[in-house]
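# Tertiary structure, described
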Amino acid sequence: MTALVLDGKSLARKIEAELAAKVIELTSKAGGTKPVLATILVGDDPASATYVKMKGNACERIGMASLRVILSQSTTTDELLAEIDKLNADPRVHGILLQHPVPKQIDERKCFDRIAQEKDVDGVTALGFGSMSMNEPAYGSATPAGIMRLLLDYGVSIEGKHAVVVGRSPILGKPIAMMLLNANATVTICHSRTQGLPQLIGLADILIGAVGKPRFIKGEWIKDGAIVIDAGYHPGGVGDIDLSAGTDRYAAYTPVPGGVGPMTIAMLMAQTVESAEKSLV
Ligand code: NAP
């Protein structure tokens, strides 16, 4: 059996090309006003700075504008809330991305939840999560939304499958579990206190690795014919799932790099364009 490669890099490129065309149309309809994504970077974490830069570059590639807010490492919760308030009130801004993690002294949840619903294009607010979980209109958290789009575009059927999600973070594990549930999968969510993890993983028709530990999930735990989605990304281009013994046994898998990663940015761009479309025309 040769596994289907869920190629996020090429799908993201296709999505970006479609978005670029949409941005031209939208900008012309709006008399030259471009969609704008505001990015907030707090502190001096080099990885966060790289992610924000990548998102700004993606805006440029599709013809959108980005507005960069850079705040110092010593920023307080109140100062960050005030910046978010300004962006919420700024009619030029269609989407707000608060890069996380933020420095420890900041109440991250409070700051995420301050983002106006209509500008929460990264899907980080509790309200957005609740709406998405209830199958109400909401922007999904970008990485899980990217995974769902990847499954959809490659025609992977979800209904009735047993999905095992390893990880329960607010931006990844929890939202992907709800999205899969809404797509009629039977979902098991695993975390650091889960007992018998290898056995549970062995039951997965669809496995989502979102642990944040390099090659933590072993290939031998995964059953033949599974669909293997690795959301992890670590230095050296390593994911959370160890597929070094080969991928032939699986029905489909996401490569690392080039699987889930590029889809995250593509979804952020798509949701910003959608928000701009609602506000501009
Ligand atoms: P996170 O916030 O650190 O969450 C990790 C989750 O894994 C937690 O729920 C934790 O459980 C669980 N976990 C830790 N050790 C475990 C163990 N021994 N057994 C079972 N579960 C365990 O990480 P995250 O933000 O969700 O990110 C996860 C991965 O995705 C990382 O590799 C990150 O780099 C990657 N990521 C990629 C993108 C992208 O754009 N490609 C975006 C976001 C994240 P507890 O809740 O019990 O602590």
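Scroll up a little and you will see the structure.
Residues numbered from 1 in each chain as written. Predicted model: local features only at pLDDT ≥ 70, side-chain atom pairs only at ≥ 80, totals over all residues. Heavy atoms only, no water.

## What about the site of the ligand?
Heads up, the condition is: A molecule or strand has a residue near it when one of that residue's heavy atoms lies within 4 Å. Counted as a polar contact is a pair of N or O atoms within 3.5 Å, where, for protein atoms, one must be capable of donating a hydrogen and the other of accepting one, and residues adjacent in sequence contribute only when both atoms are in side chains. Here, Shrake-Rupley sampling with a 1.4 Å probe gives the accessible areas, and only protein chains in the shown set may cover a residue. Think of it as three bins: nonpolar holds Ala, Val, Leu, Ile, Met, Phe, Trp, Tyr, Cys and Pro, charged holds Asp, Glu, Lys and Arg, and polar takes everything else, Gly as well.
Around the ligand, the surrounding shell holds 22 residues, and the nearest of these are Arg168, Ser169, His191, Ser192 and Thr264. Take Tyr233: an N or O atom from its main chain is 3.3 Å from an oxygen atom of the ligand. Between an oxygen atom of the ligand and a side-chain N or O atom of Thr264, the distance comes to 2.9 Å. When the ligand sits alone it has 920 Å² of accessible area, and the protein chains cover 70% of it. Tallied by class, residues from the shell around the ligand come to nine nonpolar, ten polar and three charged.

## Notes on the pattern of salt bridges
For clarity, the cut-off: Here, a salt bridge means any side-chain nitrogen of Lys or Arg that lies within 4 Å of a carboxyl oxygen of Asp or Glu. For helices the rule is a DSSP run of H or I covering at least 4 residues; for strands it is a run of E covering at least 2, with both sets numbered from the N terminus onward. Buried, partly exposed and exposed residues are distinguished by accessible area as a fraction of the type maximum, computed with a 1.4 Å probe on protein chains only: under 20%, between the cut-offs, and over 50%, respectively.
By the definition in use, this model includes twelve salt bridges. Lys14 is paired through a salt bridge with Asp153; the nearest N and O atoms lie 3.4 Å apart. Highlighted residues: Lys14 in helix H1 (residues 8-29) and Asp153 in helix H6 (residues 142-153), separated in sequence by 139 residues. You can call Lys14 partly exposed: its relative accessible area is 41%. What makes Asp153 partly exposed here is its relative accessible area of 33%. Three or more residues are tied together by salt bridges with common partners; here these are Lys14, Arg149 and Asp153.

## Quick look at unusual backbone geometry
The amide bond that connects His100 to the next residue, Pro101, takes the cis arrangement and shows omega of 5 degrees. When you line up the elements, Pro101 lands in the loop between strand E4 (95-98) and helix H4 (108-114). Across the junction of Val256 and Pro257, the peptide omega takes the value 0 degrees, indicating a cis bond. Take Pro257: it is sitting in the loop between strand E11 (252-253) and helix H9 (260-280). Not every positive phi belongs to a glycine, and Asn135 is a case in point at roughly 65 degrees. Mapped onto the fold, Asn135 is located in the loop between helix H5 (126-133) and H6.

## Structural notes on helix H2 (residues 46-61)
Short version of the rule: Multiplying one less than the number of residues by 1.5 Å gives the expected span of a helix. Here, the arc refers to the directions that run from the helix axis to the C-beta atoms. Pairs of residues are marked as contacts when any of their non-hydrogen atoms sit within 4.5 Å.
The end-to-end C-alpha separation of H2 is 22 Å, in line with the 22 Å expected for 16 residues at 1.5 Å each. Of the positions making up H2, those classed as buried are Ser48, Val52, Lys55, Gly56, Ala58 and Cys59. On an axial view of H2, the arc spanned by its buried residues comes to 155 degrees, and they lie on one face. In this structure, H2 carries Pro46, Lys53, Glu60 and Arg61 as exposed residues pointing more than 90 degrees from its buried face. Packed against the buried residues of H2 are H1, strand E2 (36-42), strand E3 (65-71), E4 and H9.

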